[in-house]
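# Structural description and commentary
One-letter residues, chain by chain:
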Amino acid sequence: MTATGSDSMHPGLTITVYRVDPKTMERTPVRSRSLPPAKEPVFSLAFPPCECSRCTKRG
């Protein structure tokens, strides 16, 4: 996949886990992780991508 812009245009994915106080509904971050953009598009919705003979024939 070729780059079409800067990394600021494609920052990747950030996943954050929060703890929520049930009384005040205040969110407190517990953990956060950032992942870089993928090098190529994913052609399957399965995770990890399925490698069975039926699925690999599609790609």
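Residues numbered from 1 in each chain as written. Predicted model: local features only at pLDDT ≥ 70, side-chain atom pairs only at ≥ 80, totals over all residues. Heavy atoms only, no water.

## Some points on the overall build of the chain
Looking only at helices and strands, the chain features one helix and two strands. Reading the chain from its N terminus to its C terminus gives the helix and strand order β-β-α. The buried share of the chain, reckoned over its 59 residues, is 0%. As displayed, the chain has an accessible area near 6100 Å², and 58% of this comes from carbon and sulfur atoms. (Helix = DSSP H or I, 4+ residues; strand = E, 2+ residues; numbered from the N terminus. Buried < 20%, exposed > 50% of the residue type's maximum accessible area, 1.4 Å probe, protein only. Areas by Shrake-Rupley, 256 points an atom, 1.4 Å probe, with all protein chains shown as cover.)

## Focus: the environment of R27
Looking at the element boundaries, R27 is found in strand 2 (residues 27-35). Given the relative accessible area of 53%, R27 is considered exposed. Put simply, R27 and V17 are 10 residues apart on the chain and 9.5 Å apart in space, counted from C-alpha to C-alpha. Ignoring any residue separated from it by four or fewer positions in sequence, one finds R27 in contact with Y18, R19 and V20. (Contact = heavy atoms within 4.5 Å.)

## Considering a nonpolar patch on the surface
Together, L13, I15 and L35 give the surface a local cluster of nonpolar side chains, amounting to about 240 Å² of exposed area. Inspection of the secondary structure assignment puts L13 in strand 1 (residues 13-20). Of the residues examined, L13 reaches a relative accessible area of 46% and is grouped as partly exposed. (Patch = residues over 30% accessible without salt bridge, like charges linked within 9 Å, V, L, I, M, F, W, Y side chains within 5 Å. Salt bridge = Lys/Arg side-chain N within 4 Å of Asp/Glu carboxyl O.)

## Looking at the pairing of strand 2
Among the nine residues of strand 2, zero are classified as buried, and the element is accordingly described as predominantly exposed. Between strand 1 and strand 2, which pair antiparallel in sequence order, lie six residues; one of them, M25, sits at a positive phi of approximately 60°. (Pairing = 2+ DSSP bridges.)

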